[in-house]
Amino acid sequence: MSMDYSLPRGTQDILPDEINYWNHVEQTAKHIFSLYNFNEIRTPIFESSNLFNRVISESDIVKKEMYTFTDKGNRELALRPEGTASIARAFITNNLSRAPQHSKLFYKGPMFRYERPQAGRYRQFHQIGVESIGSDHPFSDAEVITMSYRLFTSLGLRNVKIYINSVGSDTCRPVIEARIKQFLASNLSQLSENLQEKFKNNPLKILDSKDETLQTYLSGLPDMREALSQQSKDHFNFVISYLDHLNIPFEYKPTLVRGLDYYTETVFEVVSEDLGAQNSICGGGRYNNLIKNLGGPHTPAVGFAFGMERLIMLLKKQSIPIPKRPVLVYIAALGKEYQMECLNIAEKLRNNMINVTIDYSKVDFNGHIKLAQKMQADYMIIFGEKEFESKQVSIKNLANRHQDDVPFAGITNYFQTILGDAHV
Ligand code: ATP
Ligand code: MG
């Protein structure tokens, strides 16, 4: 048997070069979420398969894409394909319904789906998501949508579109489905087998299809808002009026339904035309029955999740700058006999929160400067015989080549002065 040590299909390594994007997005999200008083929750990466089997309906592709396994104790487990089910489970497990306030939570981490890998589509991908659990007020829908908009605009993204729709409550669902069926019935035989199957089992999902031929049949679809109950209509109209009030640009999209079936009332999606085929960055909506269906108390909730990989693709595509990493000082000992002294300088700078790298293999100027440039260091401290004699080091600015002589005792102060408050 030959061993295969290659990267598993549909996964990727995130290398140090790339990680600044990840940290930047994670930090920005955390920051924005805390402005709205959302707090972080971390749940296991695997859960009992039953959890997802209960939450994700048979007609969802996600169900077929699940990574399930049996552990050594014969437990049926699944790597989580999405976050909401786990958060709902944690809400029940930890009796969060007893908390004085409704639970406003966010999470981040890897998700797993056995999909066909392509640009923007992986088998292990990463999401950041929020769940606002315990309020059925349309303010909560508007709040999470606003928060997603604030996040994407603070990251500097351009041309992102928010689409919203309502799929109504349990009572409206059959009415909506009947209307879709009625509307498409005369063309049923023209539809693909797959769509005919959806027609039978889950007509709402037809709207979500990317099937080209379907688009012509769908063009005259009557306004589905008419099929909503008065209560659902009111809810949706309130959400829209709050978004208008907050000047959040959005578009009503009557064919928007989400991939996962647990949504009720408001659904929304954030897309970018700059992404190509996989243009959906963020999806979310209200799920008023999910927690009850899992055996918890009746608890309305609303949330969203976005994909890190697609978001970062978009940041790059739009050439959006991310914050530079902190200044890096490279210390060059010109001879082994000065390495101990250099080590002292390095530790002293680190004590003062300055990032320092030091290499012990190089002992000549040319070797050091090549390496310092490769490492994209900002400054180089040079310590050789001359410096030892004069008790001052040379500090070279590697961007503009300017060089200063600085007494040993003044090195920390030198960097603190030029770096100002920025890095502290
Ligand atoms: P799509 O229609 O592109 O398959 P989805 O409806 O399955 O998306 P959700 O389950 O709503 O996506 O997940 C929210 C976000 O997670 C998506 O908008 C996307 O950014 C990201 N995402 C989903 N699946 C993948 C994947 N396989 N690889 C990378 N990102 C993904
Ligand atoms: Mg999908």
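This is a predicted model, so every value here is computed, not measured.

Tallying secondary structure elements over the protein chain gives 15 helices and 16 strands in all. Taken over the C-alpha atoms alone, the protein chain extends approximately 95 × 65 × 45 Å along its principal axes. Taken across its 424 residues, the protein chain has 49% of its residues classed as buried. Pairs at least 24 residues apart make up 69% of the contacts formed inside the protein chain by residues separated by at least 6 positions.

What surrounds ligand 1 is a group of 15 residues, the closest being Arg113, Glu115, Tyr122, Arg258 and Arg310. One nitrogen or oxygen atom from the main chain of isoleucine 281 is found 2.9 Å from an oxygen atom belonging to ligand 1. The contact in question runs from an oxygen atom of ligand 1 to an N or O atom on the side chain of arginine 310, over 2.9 Å. Here ligand 1 loses 89% of its free accessible area of 580 Å² to cover by the protein chains. Elements represented by at least two residues in the shell around ligand 1 include exactly strand S6 (124-133), strand S10 (280-286) and strand S11 (301-307). Per element, the largest residue contribution to the shell around ligand 1 is three residues, and it comes from S10.

This part covers the sheet that holds strand S9 (residues 264-272). If you trace the eight strands from one edge of the open sheet to the other, you get S1-S5-S6-S11-S10-S9-S7-S8, paired in mixed fashion. Looking at strand neighbours, the two that pair on one side only are strand S1 (39-40) and strand S8 (251-252), the edges of this open sheet. The pairing of strand S7 (residues 160-166) with S9 spans seven bridges and is classified as antiparallel. Bridge assignment links valine 160 to a residue of S9, and that residue is serine 272. The strands touched by helix H5 (residues 138-154) are strand S5 (103-112), S6, S7, S9, S10 and S11; relative to S11, the strand with the most contacts, the crossing angle is about 20°. On the sheet, helix H11 (residues 308-317) packs against S6, S7, S9, S10 and S11 and is oriented at approximately 55° with respect to S11.

Turning to the pattern of salt bridges, a few remarks are in order. Tallying each qualifying case throughout the model produces 15 salt bridges. The shortest N-O distance in the salt bridge between lysine 30 and glutamate 40 comes to 3.8 Å. Separated by ten residues along the polypeptide, lysine 30 in helix H1 (residues 16-35) and glutamate 40 in strand S1 bring together distant segments of the chain. Overall, the relative accessible area of 28% leaves glutamate 40 in the partly exposed class. As a salt-bridge pair, aspartate 378 and arginine 325 come within 3.3 Å of each other at their nearest N and O atoms. Here arginine 325 lies in the loop between H11 and strand S12 (328-333) and aspartate 378 lies in the loop between helix H13 (365-374) and strand S14 (379-383), a separation of 53 residues in the sequence. Taking relative accessible area as the criterion, aspartate 378 reaches 18% and is therefore assigned buried.

Moving on: the nonpolar core. In globular proteins that are soluble, nonpolar side chains generally tend to be buried together. By size, the foremost hydrophobic cluster in this structure holds 49 residues, and its most contacted members are Ile133 and Ile176. Ranked by residues supplied to this core, first place goes to helix H4 (residues 84-93) with five residues. Dropping the residues within four chain positions of it, isoleucine 133 is found in contact with Ile87, Phe91, His102, Ser103, Leu105, Tyr287, Ile291, Thr299, Pro300 and Ala301. Membership of the second largest hydrophobic core comes to 43 residues, among which are Trp22, Phe33, Ile128 and Ile322.

With respect to the secondary-structure elements, proline 297 resides in the loop between helix H10 (290-293) and S11. For the pair proline 297 and methionine 111, spaced 186 residues apart in sequence, the C-alpha to C-alpha distance is 27 Å. If we ignore the near neighbours within four places in the chain, the residues touching proline 297 are Ser97, Ile291 and Lys292.

All right, on to the packing of helix H12 (residues 339-351) against helix H15 (residues 411-419) then. Relative placement of two packed helices is described by the angle separating their axes and the distance separating the axes. For the pair H12 and H15, the least separation of the axes is 10 Å and the interaxial angle reads 40°. With respect to H15, the element H12 is oriented oblique. For H12 against H15, the interelement crossing comes out right-handed. Contact residues: H12 offers Ile345, Lys348 and Leu349, while H15 offers Ile411, Thr412 and Phe415.

Time to look at H1. Over its 20 residues, H1 extends 29 Å from the first C-alpha to the last, a length consistent with the 28 Å expected when each residue adds 1.5 Å. For H1, the set of buried residues is Tyr21, Trp22, His24, Val25, Thr28, Ala29, Ile32 and Phe33. Around the axis of H1, the buried residues are gathered within 155° of arc, so they sit on the same side. Exposed residues on H1 whose side chains face more than 90 degrees from its buried face are Pro16 and Gln27. In this structure, the buried side of H1 is in contact with S5, S6, H5, S11 and H11. Asparagine 37 lies just past H1 and shows a positive phi near 60°.

Taken together, three strands build an open sheet; the order of strands is S2-S4-S3 and the sheet is antiparallel. The outermost strands of the open sheet, each flanked by one partner alone, are strand S2 (46-48) and strand S3 (67-70). Pairwise comparison of adjacent strand axes, ignoring direction, gives a mean angle of 35° for this sheet. Here S3 pairs with strand S4 (residues 76-79) via four bridges, running antiparallel. Looking across to S4, one finds that phenylalanine 69 is bridged to leucine 77.

A complete count under the given rule lists 16 aromatic pairs for this structure. For the ring pair tyrosine 262 and tyrosine 287, a centre distance of 5.9 Å and an interplane angle of 65° mean the geometry is edge-to-face. Placement of the pair is tyrosine 262 in the loop between S8 and S9 and tyrosine 287 in the loop between S10 and H10, with a sequence separation of 25 residues. In this structure tyrosine 262 comes out as buried when scored by relative accessible area, which is 7%. Plain terms: the ring middles of tyrosine 414 and phenylalanine 415 are 5.4 Å apart, the flat faces sit at 90° to each other, and that makes the pair edge-to-face. Judged by its relative accessible area of 0%, phenylalanine 415 is buried. Of the aromatic side chains, those joined through ring pairs into one cluster are Phe33, Phe106, Phe268 and Phe304.

Conventions adopted
Every residue gets a number counted from 1 within its own chain, in the order that chain's sequence is written. By the order in which they are written, chains take letters starting at A while ligands take numbers starting at 1. Since the coordinates come from a predicted model, pLDDT governs what is reported: local features require at least 70, and pairs of side-chain atoms require 80 or more to be given and counted, while whole-chain, interface and lining totals use all residues. Each side-chain value is derived from all of the structure's non-hydrogen atoms; neither hydrogens nor water enter the calculation. Strands here are runs of E lasting at least two residues and helices are runs of H or I lasting at least four, both read from the DSSP assignment and numbered beginning at the N terminus. Accessibility here uses a 1.4 Å probe with only protein chains present; expressed as a share of the type maximum, an area under 20% marks a residue as buried, one over 50% as exposed, and anything in between as partly exposed. Two residues qualify as a contact provided that any one of their heavy atoms is within 4.5 Å of a heavy atom in the partner residue. The criterion for a residue being near a molecule or strand is simple. One of its heavy atoms has to lie within 4 Å of it. Think of a polar contact as two N or O atoms within 3.5 Å of one another; within protein, one of them needs to be a possible hydrogen donor and the other a possible acceptor, and neighboring residues in sequence only count if both atoms come from side chains. All accessibility values rest on the Shrake-Rupley procedure with a 1.4 Å probe; residue burial counts only the protein chains present in the view. In this analysis, strands are considered paired if DSSP registers two or more bridges between them. Only C-alpha atoms enter the line fits that serve as axes; for helices the fit covers just the stretch in contact. Angles between N-to-C directions range over 0 to 180 degrees. Any Lys or Arg side-chain nitrogen located within 4 Å of an Asp or Glu carboxyl oxygen qualifies as a salt bridge. Here, nonpolar core means buried Ala, Val, Leu, Ile, Met, Phe, Trp, Tyr and Cys residues that are tied together by side-chain atoms lying within 4.5 Å of each other. Angle categories are assigned with fixed cut-offs, so that under 35 degrees is roughly parallel, over 145 is roughly antiparallel, 65 to 115 is roughly perpendicular, and the rest are oblique. Crossings are sorted by hand: turned counterclockwise from the far helix by less than a right angle, the near helix makes the crossing left-handed, and turned clockwise it makes it right-handed. One fewer than the residue count of a helix, multiplied by 1.5 Å, yields its expected span. Think of it as the arc spanned by the lines of direction from the helix axis to the C-beta atoms. Centres within 6.5 Å are what make two rings of Phe, Tyr or Trp a pair, Trp counting through its six-membered ring; a difference in plane orientation under 30 degrees is then read as stacked, over 60 as edge-to-face, and the rest as tilted.

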